[in-house]
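Residue-level structural notes
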Amino acid sequence: MAADDEVSALAYTARRIRRHLRWARTEGIGRLIEEDRLNPVDRIGTALAKRRWRRRAGRSPGSAMPVYLVGLQRSGTNMLVRGLDAAPEVEVRNENDSTVFHRFQLRPDPVLTATLHRSRHAYVLVKPLCESHRVDELLALPGLTPGRALWVYRDVDDRARSEVAKFGDANLRALRAIADGSIGRRWQGQRLDADTIELIRAHDPQRLDPHSGAALFWYVRNSLFFQLGLDRRADVLLCRYDSLVAEPAAQLRRLCAFLDFPYHPRLHAHIAPRASHGAAGHRRLPIDTGVRARCDQLTDRLDSAAADARSETTKAVDSG
């Protein structure tokens, strides 16, 4: 499986077009427009609001707080991006921003640092999902205002459905490359310890179906939250997508408290409160039993950590 930076621009573009066509067929053209923010009216309105804010209250270059939105693809991060982008104080550098990203992966650190230094906003939201395994390193980049990170996770079944619908068996192919050692320097195989690689091999990705592969990939990537010690850091907040869609106002207040950011209802105006597909009683995918057991254990651990973080944030807000 060739890495994105190992294929020609033409082949890469053709792959993206095929992916978007498949996504439009399965989810509808409206979902595609919303997903990639293709509505020009929305984009122009947002840009004008930010421009007015810079003229009225723009900050000195070099003072913006970087906020890294990380986790795993198809975990609902675009929902948070859309909400925070509605705040004029926030400059958004999504993963399709060619200034900071190349084919959804971060350009070298000096490019990111220079972009952050140039900003006249109060916050710069960067979404380096492919570099989630580097979030501790990103938070330690020198010469910047101390930053924060938001790690978002989603119900494993919902995330696996969404992943396979848009990207097919991409996660499964990455796991097979990790298992046979051909992954090279691609992001999917970075910062994996020997135990994780052996765990992947033990589940024999060659025999897994795409949904089971997506679930195992969910386990591997979200396990990094604990392996990197992010659960012990005050500058990292664990966010549960299913809680966000169930109680958007409460969750955005919690997020704003963490960022020391002024809360406003517009941050979640695009989210209609609803039960997530991961709610009890929803049909679960026929995921490999061994993979399922691992994912259930990690779900319990993530939910517990998210609940603890929510309790601490609530105490901080109440005491403030």
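Notes on the structure in this doc start here. (Residues numbered from 1 in each chain as written. Predicted model: local features only at pLDDT ≥ 70, side-chain atom pairs only at ≥ 80, totals over all residues. Heavy atoms only, no water.)

Topic: the overall build of the protein chain
Test applied: Only DSSP runs of H or I with at least four residues qualify as helices, and only runs of E with at least two residues qualify as strands; both kinds are numbered from the N terminus onward. Note on classification: 1.4 Å probe, protein chains only; a residue is buried when its accessible area is under 20% of the maximum for its type, exposed when over 50%, partly exposed between these limits. In what follows, residue pairs with any heavy atoms lying within 4.5 Å of each other are defined as contacts. For accessible areas, the Shrake-Rupley method is used with a probe of radius 1.4 Å. Any residue's cover is judged against the shown protein chains and nothing else.
Along the protein chain, the regular secondary structure elements total 13 helices and seven strands. Buried residues in the protein chain amount to 50% of all 320 residues. Contacts in the protein chain between residues at least 24 apart in sequence constitute 78% of all its contacts with a sequence separation of at least 6. When the accessible surface of the protein chain is totalled, it reaches about 15,100 Å², and 52% of it is carbon and sulfur.

A short note on the side chain of Asp-235
Note the threshold: Distance and chemistry together define a polar contact, namely a pair of N or O atoms within 3.5 Å, with one atom able to donate a hydrogen and the other to accept it when in protein, and with adjacent residues in sequence counting only for side-chain atoms on both sides.
By the secondary structure assignment, Asp-235 is in the loop between helix 10 (210-227) and strand 7 (236-240). Among the residues examined, Asp-235 registers a relative accessible area of 19% and is labelled buried. Looking at Asp-235, its side chain comes within polar contact range of the side chain of Arg-233, at 2.9 Å. Excluding its chain neighbours within four sequence positions, the residues that come into contact with Asp-235 are Leu-139, Gly-147, Arg-148, Ala-149 and Phe-258.

Here's the deal with helix 8 (residues 170-180)
What helix 8 keeps buried is the set Asn-171, Leu-172, Ala-174, Leu-175, Ala-177, Ile-178 and Ala-179. Looking at the packing, one finds that the buried side of helix 8 touches helix 7 (156-167), helix 9 (194-202) and helix 10. A positive phi of about 85° marks Gly-181, the residue just after helix 8.

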